[in-house]
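Understanding the architecture of this molecule
In case you want the letters, here they are:
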Amino acid sequence: MALNAAILGYEYFPDPTKGRPVYFGSVYVGVVDLDPQIPANQLTIQYRQEDGTLVPATQPVLTGAGGVPLYNGSPVQIIVDGAYSMKVLNSSGAQVYYRADSSDNDAPIRDIITPFDDLTELRANTDSALLRAGLAGHTTEGDGGGGEFWLDTSDTSTADDNGINIVDSVSPRIGTWKRLYEGIFINPKWFGATGDGATDDTTAIQTAMNYCRDNKTGGLLLPEGDYLVTFLDYGALTSSQRYNIWGSGKNRTRIFKTDATAEPIMRINSTTPTFFVAEILMGGFRMEGQVATTTACIESYGIANCHFHDIWLEKSVVGWQDYGAISCTWSEMITNANQFGVKMQWFDSTISAGDPNANWFNNCISTNNTKWGFWFNDGRLVSFNGGR
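Residues numbered from 1 in each chain as written. Predicted model: local features only at pLDDT ≥ 70, side-chain atom pairs only at ≥ 80, totals over all residues. Heavy atoms only, no water.

1. A word on the state of the cysteines
Under the criterion given, the structure shown has zero disulfides. Cysteine Cys212 remains unbridged, with the sulfur of Cys306 as its closest cysteine sulfur at 16 Å. Unpaired in terms of disulfides, Cys364 finds its nearest cysteine sulfur in Cys328, a separation of 13 Å. (Disulfide = S-S within 2.5 Å.)

This is the structure we're talking about:
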């Protein structure tokens, strides 16, 4: 009597980095060495059902919650005639596996995540057979800027942004390494920000802000830390470019300035705006300047219908200097140890009358400001609810 291993025989697709199945994923089968996701490259496939019968199948093959191909709710095997290529995508459409040639047992296992120490080592890679990389850090191991990347060999034009898109040092270039991430928020540590209170994080944070601006993300998410900067420019942005900025809480995320240049920590919109920056959300951080020289923690021009929450602004000439805000709300904001807590005033505008109008301050606190807590010039309909 022959002895046989007791196996189910159904393909299971695990996510090698998440410790879970590739649930609700997509499987493509195609011609050897070609991208099977492209319909012209796909081969004819069939399903072998539990009773052994074969039925025609269409692509992509979908996996269930358990990472197994399903047909009419039941597990099936994918049957194809001859050698093939295979690609597996997760539920977000990101590539998890790619096998160029099923018949080449000596081919590189290109779906394996190859470890790299940092971005410098990744850029130096010359092996075009590697399709996935795992970084221990952006610059040093554990600095918060590591993560997973996949190699897009079809993209030889995207510029290296030192965080999301990384270009190899090969000439001509192999392609573009693209960061894999979940969610809609961008972490400035991916671009090299440290939050250690000593390193100048201006370039890293500004680059992350620019990425948010140009790629319609949900916004910037600053982890807990102390971020030393000189000047951050939110930008003069249209509605399609706007993005939000969130920290981990005003007692956890601090953005501070130590140089003596007479400028704000962050500016929203141009000093001569041609349109409103509207409907942005910011909060969950603390800003600290130099009371004699930092003109403002935040300086805004021509903003409308925005909401700012859980912000602490201190040690500047002005905590928040605004010109011409319309229908904006500040809530749970603290201004402390500035000359002025909040200043709102008219400016020479081409987009409105130029004076602030219909703004709300809910449960905001002004304390230890040496001149005025709230100072308004030419504003209309300013409302206060709670606070002091």
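2. With respect to the pattern of salt bridges
Evaluated as defined, the whole model comprises 15 salt bridges. Its salt-bridge partner being Glu299, residue Arg267 comes within 2.7 Å of it at the nearest N-O pair. Here Glu299 lies in strand E27 (residues 298-301) and Arg267 lies in strand E24 (residues 266-268), a separation of 32 residues in the sequence. On the basis of relative accessible area, Arg267 is assigned to the partly exposed category, the value being 21%. We classify Glu299 as buried; its relative accessible area is 8%. Each of the salt bridges in this network shares a partner with another, and the network as a whole consists of Asp226, Arg254, Glu288 and Lys315. (Salt bridge = Lys/Arg side-chain N within 4 Å of Asp/Glu carboxyl O. Helix = DSSP H or I, 4+ residues; strand = E, 2+ residues; numbered from the N terminus. Buried < 20%, exposed > 50% of the residue type's maximum accessible area, 1.4 Å probe, protein only.)

3. Considering unusual backbone geometry
A negative phi holds for most residues other than glycine; trans holds for most peptide bonds. Following Gln59, the chain continues to Pro60 via a peptide bond in cis, the omega torsion being 5 degrees. Take Pro60: it is sitting in the loop between strand E5 (54-57) and strand E6 (61-62). Omega for the peptide link from Ser171 to Pro172 comes to -5 degrees, which places this bond in the cis form. In this fold, Pro172 is placed in the loop between strand E15 (165-167) and strand E16 (176-180).

4. Notes on empty space enclosed by the protein
The gaps of empty space that remain are located by a probe, the size of a water molecule, rolled over the atoms. Enumeration over the complete set of coordinates arrives at two cavities of 30 Å³ or more. Estimates place the volume of the largest cavity at around 60 Å³. For the largest cavity, the full set of lining residues is Ile205, Met209, Leu220, Leu222, Leu232, Ile245, Ile255, Met266, Phe285 and Met287. For the lining of the largest cavity, the secondary-structure elements that each account for two or more residues are helix H2 (202-215) and strand E26 (281-288). Class assignment of the residues belonging to the lining of the largest cavity gives a composition of ten nonpolar, no polar and no charged. (1 Å grid on protein atoms, 1.4 Å probe; cavity = no way out; pocket = protein on both sides within 12 Å on 5 of 7 lines; lining within 4 Å. Points joined across faces, edges and corners; volume = space filled by probe spheres on them. Nonpolar A, V, L, I, M, F, W, Y, C, P; charged D, E, K, R; others polar.)

5. Observations concerning the environment of Leu232
Here Leu232 shows up in strand E21 (residues 232-235). The spatial distance from the C-alpha of Leu232 to the C-alpha of Ser85 is 47 Å, given a sequence separation of 147 residues. In this structure, Leu232 is in contact with Thr202, Ile205, Gln206, Met209, Ile255, Ile265, Met266 and Arg267, ignoring residues within four places of it in sequence. (Contact = heavy atoms within 4.5 Å.)

6. Notes on the layout of surface pockets
The volume enclosed by the largest pocket comes to roughly 800 Å³. Forming the walls of the largest pocket are 35 residues, and the residues nearest its centre are Gly93, Ala94, Gln95, Trp150 and Leu180. Of the residues forming the lining of the largest pocket, the biggest block, four residues, is contributed by strand E14 (residues 147-152). Among the residues forming the lining of the largest pocket, the class breakdown is 13 nonpolar, nine polar and 13 charged.

7. A short note on the pairing of strand E30 (residues 318-323)
Among the six residues in E30, six count as buried, and that is most of the element. Relative to E30, E27 runs parallel, the two sharing four bridges. Bridging across to E30, Glu299 finds its partner in Gln321. Bridge analysis of E30 against strand E33 (residues 340-345) gives five bridges, and the strand direction is parallel. Paired with Val318 across the two strands is Phe340, which belongs to E33. (Pairing = 2+ DSSP bridges.)

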